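Here is how the chains run, residue by residue.
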Amino acid sequence: MLNRRHIRIKVMQSIFAMHQNGSDNIEKEEKFLYYSIDNILDLYLLMLSTLIEISKKEINLLEQAKNKHLATASDRNANTKFVDNSIFKILSTNHSVLQAIENRKINNWTMNDDYIILLLKAIKESDLYTHYMRNRTNTFEEDQEFMVSLFTDVIAANDKLYDYLEDFKLTWVDDIPMVNTQIVKQLKSLKSKDDSSFYVPKLYKDAEDKDFVSDLFRKTVLNENDFTKEFIDKTPNWDTERIAEIDTIILKMAICEFLKFPSIPVKVTINEYLEIAKEYSTPKSSIFINGILDNLVKEFQTNNRLNKTGRGLIQ
């Protein structure tokens, strides 16, 4: 699920937090870094459970309407196309998903089912739902297209749900887009109503990516003073005290990758941190950072300090 850019972002945020807190306890901060990354899986499962609980809630509401004392003909013969959606059924019966939700105690909507009611109301008020419910026939292709659009445009886009997620766990703020993208990708990959391939993805692609978290964090933090010396004289037109702190952290992390990660190509490092700067720092930061990194790479190449090997040699 995690890609290298998101790992870099989490490491950057942890270093920034260390600076803000005045902490020098690397073990404690590293432990929290891993904790915040591990919580991404809880967010993923919570978003999936939102779909499952919406389906359950609507089934209960239909049953209540059908069995009420003065049930109308429309109550007794309601259109069940929504709850019969193939994707709902795949998720609601998927052992991998259900087991993970149980194991990690994802019970938010049991405690706060008002959010499920709120989302269900928003769904029923949407043009997407109105169009979908015009008939009673379920085809897998229509069910899938509807569910992808529903998740993207109604559920994930709901401001109150976003506020709840942000309040529940602050570290989730930057994880939400990545998690929602992962879920949409998986929903789109399903082939039929009997497709049992849906699974809870691994948090890390492999052991190397998990090690990258600790390596990048520790090597950057332990060498911050040395890395600062590398770029401090490359900023003659900038007041060092006024350089955005995020920019200095990005520069240190990039220098760390240049000098201490031989398997990472220089171009990959530069491109990744420029994109991060565009999203997390000032409007001019990416231009500033790009100029500094370009000069440093030329200097490191001249002095034979870029000891790249394997994949790191790719230009």
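The coordinates are above.
As the structure is a computational prediction, the values presented were derived from the model and not from experiment.

Q: Even after reading the chapter, I still don't get the overall build of the protein chain, so can you show me in this structure?
A: Across its full length, the protein chain holds 16 helices and 0 strands. C-alpha atoms of the protein chain, sized along the principal axes, occupy 85 × 40 × 35 Å. Split into buried and exposed, the 315 residues of the protein chain put 48% on the buried side. For the protein chain, contacts bridging at least 24 residues in sequence account for 83% of all contacts bridging at least 6.

Q: Just checking my understanding: could you explain the pattern of salt bridges for this structure?
A: Two side chains bearing opposite charge may form a pair once their charged atoms approach each other closely. Under the definition given, this model contains 20 salt bridges. Between Glu-230 and Arg-305 there is a salt bridge whose closest N-O contact spans 2.7 Å. Within this pair, whereas Glu-230 is found in helix α13 (residues 224-232), its partner Arg-305 is found in the segment after α16 (285-302), the two being separated by 75 residues in sequence. Exposure remark for Glu-230: the relative accessible area of 14% places this residue in the buried category.

Q: Explain the environment of Ile-264 to me, please; I cannot follow it from the model alone.
A: Here Ile-264 is to be found in the loop between α14 (245-260) and α15 (266-280). Ile-264 gets classed as buried once you look at its relative accessible area, which sits at 6%. Here Ile-264 is in contact with Arg-4, Arg-8, Phe-212, Glu-257, Thr-269, Lys-308 and Gly-312, once residues within four sequence places are set aside.

Q: What am I meant to see in the packing of aromatic side chains here?
A: Any pair of aromatic rings gets described here by the distance separating the centres and the angle formed by the planes. In the structure shown here, the tally under the stated rule is 12 aromatic pairs. Relative to Tyr-115, the ring of Trp-109 lies with its centre 6.0 Å away and its plane at 45°, an arrangement referred to as tilted. The interplanar angle of 50° and the centroid separation of 4.7 Å between the aromatic rings of Tyr-115 and Tyr-164 together place this pair among those described as tilted. Of this pair, Tyr-115 sits in helix α7 (residues 113-124) while Tyr-164 sits in helix α10 (residues 159-168), and the two are 49 residues apart along the sequence. Across from the ring centre of Phe-212, 4.1 Å away, lies the NZ or CZ of Arg-4, which sits over that ring. The aromatic ring of Phe-261 is capped on one face by Lys-219, whose charged end is 4.8 Å from the ring centroid.

Q: What's the story with the packing of helix α2 (residues 26-67) against helix α5 (residues 95-103) in this structure? I'm lost.
A: Their axes nearest at 10 Å, the elements α2 and α5 cross at an angle of 115°. Crossing angle aside, the handedness with which α2 passes α5 is left-handed. Mapping the contact onto sequence places Leu-45, Leu-48, Ser-49 and Ile-52 in α2 and Val-97, Leu-98, Ala-100 and Ile-101 in α5. Its residues assigned to classes, the contact of α2 with α5 comprises 7 nonpolar, 1 polar and no charged.

Q: Explain helix α12 (residues 207-222) to me, please; I cannot follow it from the model alone.
A: Since the α-helix packs 3.6 residues into each turn, any two residues three or four apart lie on the same face. Compared with the 22 Å implied by 1.5 Å per residue over 16 residues, the 22 Å span of α12 between its first and last C-alpha is a close match. Those residues of α12 not exposed but buried are Asp-209, Phe-212, Val-213, Ser-214, Leu-216, Phe-217, Thr-220 and Val-221. Those residues of α12 hidden inside the fold are in contact with α1 (4-21), α2, α13, α14 and α15. The backbone nitrogen of Glu-208 has a side-chain oxygen 3.2 Å away, supplied by the residue at the start of α12, namely Asp-206.

Q: Sorry if this is basic, but what is going on with the nonpolar core here?
A: Across soluble globular proteins, nonpolar side chains have a tendency to be buried as a group. Tyr-44, Phe-82 and Ile-155 are the most contacted members of the largest nonpolar core, which totals 97 residues. In terms of residues, this core owes the most to one element, α2, which gives 15 residues. Tyr-44 has contacts with Met-1, Val-179, Gln-182, Ile-183, Gln-186, Phe-198, Tyr-199, Val-200 and Pro-201, leaving out every residue within four places of it along the chain.

The rules we used
- Residues numbered from 1 in each chain as written.
- Predicted model: local features only at pLDDT ≥ 70, side-chain atom pairs only at ≥ 80, totals over all residues.
- Heavy atoms only, no water.
- Helix = DSSP H or I, 4+ residues; strand = E, 2+ residues; numbered from the N terminus.
- Buried < 20%, exposed > 50% of the residue type's maximum accessible area, 1.4 Å probe, protein only.
- Contact = heavy atoms within 4.5 Å.
- Salt bridge = Lys/Arg side-chain N within 4 Å of Asp/Glu carboxyl O.
- Phe/Tyr/Trp six-rings, centres within 6.5 Å; stacked < 30°, edge-to-face > 60°.
- Lys NZ or Arg CZ within 6 Å of the ring centre and 35° of its normal.
- Axes fitted to C-alpha atoms, helices over the stretch in contact; angles between N-to-C directions.
- Left-handed = near helix turned anticlockwise from the far one by under 90°.
- Nonpolar A, V, L, I, M, F, W, Y, C, P; charged D, E, K, R; others polar.
- Expected span 1.5 Å × (residues − 1).
- Polar contact = N/O pair within 3.5 Å; in protein donor to acceptor, adjacent residues only side chain to side chain.
- Core = buried A, V, L, I, M, F, W, Y, C linked by side-chain atoms within 4.5 Å.

Shape is all these values report; function is a separate question.
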